[in-house]
Amino acid sequence: MAFTQEQLVEGLAEIVNEIAGIPVEDVKLDKSFTDDLDVDSLSMVEVVVAAEERFDVKIPDEDVKNLKTVGDAVDYILKHQA
Amino acid sequence: MAGRSGVKPLEGERFAELPVRIAALAAVDPGDVLPRPLARRLDRSAQFALIAAREAWADAGYTAPAGEDSGLAPERLGTVIASGIGGVTTLLDQYDVLKEKGVRRVSPHTVPMLMPNGPSANVGLEVNARAGVHTPVSACASGAEAIGYAVEMIRTGRADVVVAGGTEAAIHPLPIAAFANMMAMSKNNESPTTASRPYDTGRDGFVLGEGAGVVILESEEHAKARGARIYCEALGQGLSADSHHIAQPEPSGRGIAAALQHLLDSTDLKPSEIVHLNAHATSTPQGDVAEIKALRKVLGEDLDHVAVSATKSMTGHLLGGAGGIETVATVLALHHRLAPPTINVDELDPEVDADIVRGEPRPLPQGTIAAVNNSFGFGGHNVVLAFRSV
């Protein structure tokens, strides 16, 4: 099944909340993982792996560096989901 | 001081097949004390260390990390937190993840969590320590070696303040199986609270414990300048190595005696002022007696006025954490002038030729008094620390 943008933001918010403790309502499209959401490079790997599982998508390591904001991740998953 | 044992049965299927199914589990789960995002990226040993360090830091009167708000320059602050084994549960748990869920699911935090210097590094980040962040590793002497190293950092002028201690969290089937197969552990599964019984004729090995003990060491000048409460003076350390066997204690106590002699030679501690000793005494048949023999050899009749306590009878053996919590116990014994009890000594081993504090705590004399804390480790490491009342 394909996920909507809204579902992806909601899912990523839950993942970021679990990993970095940021309230779900603060996780928005324009937020930077590193600068706004307290997700460092190690935790970003956790976010990516959790997102892969949840949204049934593969995010290769070389693409992770391009995912600066929540919006970048949402767009990537929208484009690549099965 | 209450003379209560913290040893409990180990519940759950993963412990069911082990010959040893008891341990002194921490009364509070450290993962429940720390915020979840922080706790999930720290090994349990680092969680214990961080909580202990925060408590010590606040108790020392610091309300902020080193920097402008605390009036302490980060370059003058160090940490020395030791662990005997490091993040062994992280390593083993992540190996399970690798086997069961695959490569991709192995946590990217695994290496910082399993490295033995992780607790020291995390505490260093917490308090903003830049003079140095260190981790001596000498098995069950690690925590004491950390305290000694911290004293040297201050004495040699590298730091004004050092956060020091030891931590361990190794209650997992594999370390227990390994220690049990060395025949080092008590198999008294039927009676957990009486299993750790140093100096008793019925002792049959140590009981594993977990947790951390951390103190703030500070130069006298620095502590007085800021009006800090001073619990005691750290006199220094005595060190030696057995060079006898990788895991067996040297039966005559030769190495322990050498460490104690080194302490007497390298500090101004006088045998006549020692009134209390927190013994290594892990409740093993050989080790407990070798330690007492060494004490008698070096101190002679002066051992008669030393109230000897084996707090592992209550806490179990925290391995690399032992020197940390036993330093806390020794320092507080001086501060409150009360030696903690040794429990479960129903029948004192006749070879134990020393004044053991049995059953109840014992008041210590007024005036200037000193206490010694012993820690020894697999590998033949002997560390003896001394403190004096202020």
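None of these values were measured; they are calculated from a predicted model. (Residues numbered from 1 in each chain as written. Chains lettered and ligands numbered in written order. Predicted model: local features only at pLDDT ≥ 70, side-chain atom pairs only at ≥ 80, totals over all residues. Heavy atoms only, no water.)

Before going further, it helps to spend a moment on the pattern of salt bridges. Under the criterion given, the structure shown has 27 salt bridges over all chains. A salt bridge links Arg104 of chain B to Glu52 of chain A; its shortest N-O distance comes to 3.0 Å. Of the two residues, Arg104 of chain B is situated in the loop between helix H4 (88-101) and helix H5 (110-114) and Glu52 of chain A in helix H3 (residues 41-55); the pairing between them involves two chains. Here Glu220 of chain B makes a salt bridge to Lys224 of chain B, at a shortest N to O gap of 2.6 Å. Residue Glu220 of chain B and its partner Lys224 of chain B are both found in helix H9 (residues 220-225); the two are separated by four residues, about one turn of the helix. Judged by its relative accessible area of 54%, Glu220 of chain B falls in the exposed class. Put simply, Glu233, Asp268, Glu273 and Arg388 of chain B are held in one network by salt bridges that share partners. (Salt bridge = Lys/Arg side-chain N within 4 Å of Asp/Glu carboxyl O. Helix = DSSP H or I, 4+ residues; strand = E, 2+ residues; numbered from the N terminus. Buried < 20%, exposed > 50% of the residue type's maximum accessible area, 1.4 Å probe, protein only.)

Our focus in this paragraph is the pairing of strand S7 (residues 232-241) of chain B. Each regular strand shows side chains that alternate between the opposite faces of the sheet. Residue and element names in this part refer to chain B. By the criterion of burial, S7 is predominantly enclosed, with seven of the 10 residues buried. In this sheet, strand S13 (residues 381-389) lies alongside S7 in antiparallel orientation, the contact comprising nine bridges. Considered in S13, the bridge of Glu233 is made with Arg388. (Pairing = 2+ DSSP bridges.)

Further remarks concern the domain arrangement of chain B. Residues and elements named next belong to chain B. The assigned domain composition of chain B is domain 1 (8-225) and domain 2 (232-389). Here the C-alpha centroids of domain 1 and domain 2 sit 21 Å apart. In this complex, domain 1 contributes 50 residues to the contact, which on the side of domain 2 involves 51 residues. A buried area of about 3500 Å², summed over both sides, lies between domain 1 and domain 2, and 64% of it is on carbon and sulfur atoms. (Domains from an automatic or database assignment. Contact = heavy atoms within 4.5 Å. Buried area = accessible area lost by both parts, 1.4 Å probe.)

Another aspect to go through is the packing of aromatic side chains. All names here are of chain B. With the rule as written, the count across this model stands at four aromatic pairs over all chains. Measuring from centroid to centroid gives 5.3 Å for Phe179 and Phe206, while their planes differ by 80°, and the two rings are edge-to-face. Of the two residues, Phe179 is situated in helix H8 (residues 173-181) and Phe206 in the loop between H8 and strand S6 (211-218); the sequence distance between them amounts to 27 residues. According to the relative accessible area criterion, Phe179 is buried, its value standing at 11%. Each residue in the set Phe179, Phe206 and Phe378 is aromatic and connected to the rest through ring pairs, giving one cluster. (Phe/Tyr/Trp six-rings, centres within 6.5 Å; stacked < 30°, edge-to-face > 60°.)

Residue and element names in this part refer to chain B. Taken N-terminus to C-terminus, the directions of helix H3 (residues 44-59) and helix H6 (residues 118-127) make an angle of 35°; their axes are 9 Å apart at the nearest point. Where H3 crosses over H6, the two elements pack in a sense that is right-handed. Across from Ser45, Ala46, Ala49, Leu50, Ala53, Arg54 and Trp57 in H3, the residues of H6 making contact are Pro119, Asn122, Val123, Glu126 and Val127. (Axes fitted to C-alpha atoms, helices over the stretch in contact; angles between N-to-C directions. Left-handed = near helix turned anticlockwise from the far one by under 90°.)

On to the interface of chain A and chain B, then. Contacts between the two partners involve 15 residues from chain A, matched on the other side by 10 residues from chain B. Interface of chain A and chain B: buried area, both sides summed, is about 1100 Å²; carbon and sulfur atoms make up 42% of it. For the chain A face of the interface with chain B, the top three residues by lost area are Glu18, Leu42 and Glu46 of chain A, together amounting to 43%. If you look at where chain A meets chain B, you find nine residue pairs in polar contact (both at pLDDT 80 or more). (Polar contact = N/O pair within 3.5 Å; in protein donor to acceptor, adjacent residues only side chain to side chain.)

A cluster of nonpolar side chains, contributed by Tyr95, Leu98 and Val103 of chain B, occupies part of the molecular surface with about 310 Å² of accessible area. Using a relative accessible area of 66% as the deciding quantity, one classes Val103 of chain B as exposed. (Patch = residues over 30% accessible without salt bridge, like charges linked within 9 Å, V, L, I, M, F, W, Y side chains within 5 Å. Areas by Shrake-Rupley, 256 points an atom, 1.4 Å probe, with all protein chains shown as cover.)

In the numbering adopted here, UniProt assigns the feature "domain: Ketosynthase family 3 (KS3)" (unreviewed entry) to residues 1-389 of chain B. Structurally, residues 1-389 of chain B comprises 33% helix and 17% strand, and the distance from its first C-alpha atom to its last is 19 Å. (UniProt positions renumbered as here; feature names shortened; annotations may be inferred.)

With that out of the way, let us pick up unusual backbone geometry. All names here are of chain A. For Asp38, which is not a glycine, the phi torsion comes out positive at approximately 60°. Of note, Asp38 is situated in the loop between helix H2 (33-36) and H3. Backbone geometry at Asp56 places phi at a positive 50°, although glycine is not the residue there.

Okay, the sheet that holds strand S12 (residues 370-377) of chain B next. Residues and elements named next belong to chain B. With respect to topology, five strands assemble into an open sheet ordered S7-S13-S12-S8-S9, the strand pairing being mixed. This sheet does not close on itself; its edge strands, each paired only once, are S7 and strand S9 (307-309). Pairwise comparison of adjacent strand axes, ignoring direction, gives a mean angle of 20° for this sheet. Sheet analysis places strand S8 (residues 274-278) next to S12, joined by four bridges and oriented parallel. From the neighbouring strand, Ile274 faces S12, where its bridge partner is Ala370.

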